[in-house]
Amino acid sequence: MNKYNHLEPFEDKGRFAKLRQWINLVFILTSIAGLICYFTADKETALYILLVACVFKFVEVVLRIMKL
């Protein structure tokens with residue numbers, strides 16, 4: 001065993017790899033929208049938008065941890 005195996009790139013071969021990428025994209029876009037709303041408009045609305053973004057990230061993390 002090569003001692004540098006941990007440096008090799010990780011290949012995600014899960015069943016839901018593409019779905020997780022899409023969920024991550026939605027998370028990033030929702031987070032950006034929440035931050036823009038936070039700095040330009042109502043902070044309470046921004047909080048709700050950021051909470052929705054957190055739900056998307058939570059779903060993605062659960063899929064990743066379960067290695068689906």
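Presented here is an overview of the structure given in this document.

Conventions adopted
Residues numbered from 1 in each chain as written. Predicted model: local features only at pLDDT ≥ 70, side-chain atom pairs only at ≥ 80, totals over all residues. Heavy atoms only, no water. Helix = DSSP H or I, 4+ residues; strand = E, 2+ residues; numbered from the N terminus. Expected span 1.5 Å × (residues − 1). Buried < 20%, exposed > 50% of the residue type's maximum accessible area, 1.4 Å probe, protein only. Contact = heavy atoms within 4.5 Å. Polar contact = N/O pair within 3.5 Å; in protein donor to acceptor, adjacent residues only side chain to side chain.

Some points on helix 2 (residues 43-65)
- Across its 23 residues, helix 2 extends 32 Å between first and last C-alpha, which sits within 8% of the 33 Å expected from 1.5 Å per residue.
- For helix 2, every residue scored as buried is listed here: Ala-46, Ala-53, Glu-60 and Leu-63.
- Next to the buried residues of helix 2 lie helix 1 (17-40).

Examining the environment of Met-66
- Position of Met-66 among the secondary structure elements: in the segment after helix 2.
- Assessed through its relative accessible area of 52%, Met-66 is described here as exposed.
- In the structure, Met-66 is positioned 52 residues away from Gly-14 in sequence and 9.7 Å away in space, judged by C-alpha atoms.

With respect to helix 1
- With 24 residues, helix 1 should reach 34 Å at 1.5 Å per residue; the first-to-last C-alpha distance of 35 Å fits that figure.
- Taken as a whole, helix 1 has its buried residues at Ala-17, Arg-20, Ile-23, Thr-30, Ser-31, Gly-34 and Cys-37.
- Contacts made by the buried residues of helix 1 are with helix 2.

Remarks on the side chain of Ser-31
- For Ser-31, the location among the structural elements is in helix 1.
- Assessed through its relative accessible area of 15%, Ser-31 is described here as buried.
- Within the local environment of Ser-31, its side chain forms a polar contact with the backbone oxygen of Phe-27, the two atoms lying 2.8 Å apart.
- If we ignore the near neighbours within four places in the chain, the residues touching Ser-31 are Leu-50 and Ala-53.

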